[in-house]
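Spelled out from the first residue to the last, the chains are:
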Amino acid sequence: MAGLLLIAHAPLATSLKAVVAHVFPNETGIEAIDVTPEATPDQVEGAARAAIAATGESDVLVLTDVFGATPCNVAMRLADGAQVRVVAGVNVPMLLRAVTYRNNPLAAVVDRALSGAVQGVMQLAPSRPQVQTLRSGDHDQGRTKDQ
């Protein structure tokens, strides 16, 4: 089973972990580190290494928010390409997919997380025609009533 570590700008990591707890209340092996503005990269790295150990798993997927930002840069220090892999751009569909498939080998968990991220982002069309109501003269700002 793969452990999961969330490293993101505060308070995103703990919020995402709370989402996991909401959907999967008995899930373990998931750690979160919120990176605050005053934290140094070395401090975050130390906390992240401790969090990886706390997952209790030999393979760990690290999910981070923004490529190139401090959480991601620290996560890249942890990556070895074999037992620790990093994916940037975490979103809820990605996270839930990773949790669902964490019993698979780490490479498969990464693939599932990436597909969940992409498939979870979509533009939605309105399900019915939009009806605009006529506003009162208070907000008309001198315009006529034709819409």
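Everything below is about the structure printed above this text.
Residues numbered from 1 in each chain as written. Predicted model: local features only at pLDDT ≥ 70, side-chain atom pairs only at ≥ 80, totals over all residues. Heavy atoms only, no water.

Novice: Whenever I open this one, the sheet that holds strand E3 (residues 59-64) confuses me. Can you help?
Specialist: Each strand in a sheet pairs with its neighbour through backbone hydrogen bonds, running either in the same direction (parallel) or in the opposite one (antiparallel). Spatially, 4 strands are ordered E2-E1-E3-E4 in an open sheet, and the strand pairing comes out parallel. Because the sheet does not close on itself, it has two edges, and the strands there are strand E2 (30-35) and strand E4 (84-88). Each strand axis lies, on average, 20° off the axis of its neighbour in the sheet, ignoring direction. In this sheet, E2 lies alongside strand E1 (residues 2-9) in parallel orientation, the contact comprising 6 bridges. By the bridge assignment, Leu6 is partnered in E2 with Ala32. Its contacts with the sheet put helix H3 (residues 70-78) on E1, E2, E3 and E4, and the angle it makes with E1 is roughly 150°. (Pairing = 2+ DSSP bridges. Helix = DSSP H or I, 4+ residues; strand = E, 2+ residues; numbered from the N terminus. Axes fitted to C-alpha atoms, helices over the stretch in contact; angles between N-to-C directions. Contact = heavy atoms within 4.5 Å.)

Novice: Please explain the nonpolar core as it appears in this structure.
Specialist: Soluble globular proteins tend to bury their nonpolar side chains together. Within the largest apolar cluster, 21 residues are counted, with the highest numbers of intra-cluster contacts made by Leu4, Leu6, Leu61, Leu63, Met94 and Leu95. Looking at this core, the elements with two or more residues in it are E1, helix H1 (12-23), E3, helix H4 (92-100) and helix H5 (106-119). Element by element, the count of residues in this core is highest for H5, at 5 residues. Once you skip the residues sitting within four places of it in the chain, Leu63 turns out to touch Leu5, Leu6, Ile7, Val87, Val90, Met94 and Leu95. (Core = buried A, V, L, I, M, F, W, Y, C linked by side-chain atoms within 4.5 Å. Buried < 20%, exposed > 50% of the residue type's maximum accessible area, 1.4 Å probe, protein only.)

Novice: Got a minute to help me understand H4 in this structure?
Specialist: The α-helix advances 3.6 residues per turn, and as a result positions three or four apart in sequence lie on the same side. Every buried residue belonging to H4 is among Met94, Leu95, Ala98 and Val99, and all of these are buried. Down the axis of H4, the smallest arc covering the buried residues is 130°, so these residues share one side. Tucked inside the fold, the buried residues of H4 contact E1, H1, E2, E3, E4 and H5. If you check the start of H4, you find a side-chain oxygen 2.8 Å away from the backbone N of Met94, and it comes from Asn91. (Arc of directions from axis to C-beta. Polar contact = N/O pair within 3.5 Å; in protein donor to acceptor, adjacent residues only side chain to side chain.)

Novice: Looking at this structure, I do not really get the packing of H1 against H4. What am I missing?
Specialist: When two helices pack together, their arrangement is captured by the angle between the axes and the distance separating the axes. Across the interface, H1 lies against H4 with an axial gap of 10 Å and an inter-helix angle of 55°. The angle between the axes of H1 and H4 places the two elements in the oblique class. Like other packed secondary-structure pairs, H1 and H4 cross with a definite hand, here right-handed. Contacts from Leu16, Val19, Val20 and Val23 in H1 reach Val92, Leu95, Leu96 and Val99 in H4. Residue classes in the contact of H1 with H4 are distributed as 8 nonpolar, no polar and no charged. (Parallel < 35°, antiparallel > 145°, perpendicular 65-115°, else oblique. Left-handed = near helix turned anticlockwise from the far one by under 90°. Nonpolar A, V, L, I, M, F, W, Y, C, P; charged D, E, K, R; others polar.)

Novice: In this structure, what is going on with helix H2 (residues 41-55)? I would like to understand it.
Specialist: Taking 1.5 Å of rise per residue, the 15 residues of H2 would be expected to cover 21 Å, and the 21 Å separating its terminal C-alpha atoms lies within 8% of that figure. All of the buried residues in H2 are Val44, Glu45, Ala48, Ala51, Ile52 and Thr55. Looking straight down H2, one finds that the buried residues subtend no more than 125° of arc, so they occupy a single side. More than 90 degrees from the buried face of H2, the exposed residues found are Asp42 and Ala53. (Expected span 1.5 Å × (residues − 1).)

Novice: Just to check I follow, could you spell out the environment of Val60 for this structure?
Specialist: You can see Val60 is positioned in strand E3. The class of Val60 is buried, set by a relative accessible area of 0%. Those residues in contact with Val60, other than ones at most four positions away along the chain, are Gly3, Leu4, Leu5, Ile52, Thr55, Gln83, Val84, Arg85 and Leu106.

Novice: Hey, could you run me through the environment of Asp80 in this one?
Specialist: Along the polypeptide, Asp80 turns up in the loop between H3 and E4. Reaching out from Asp80, the side chain makes a polar contact with the backbone nitrogen of Ala82 at a distance of 2.8 Å. At 2.8 Å, the side chain of Asp80 and the backbone nitrogen of Gln83 are in polar contact.

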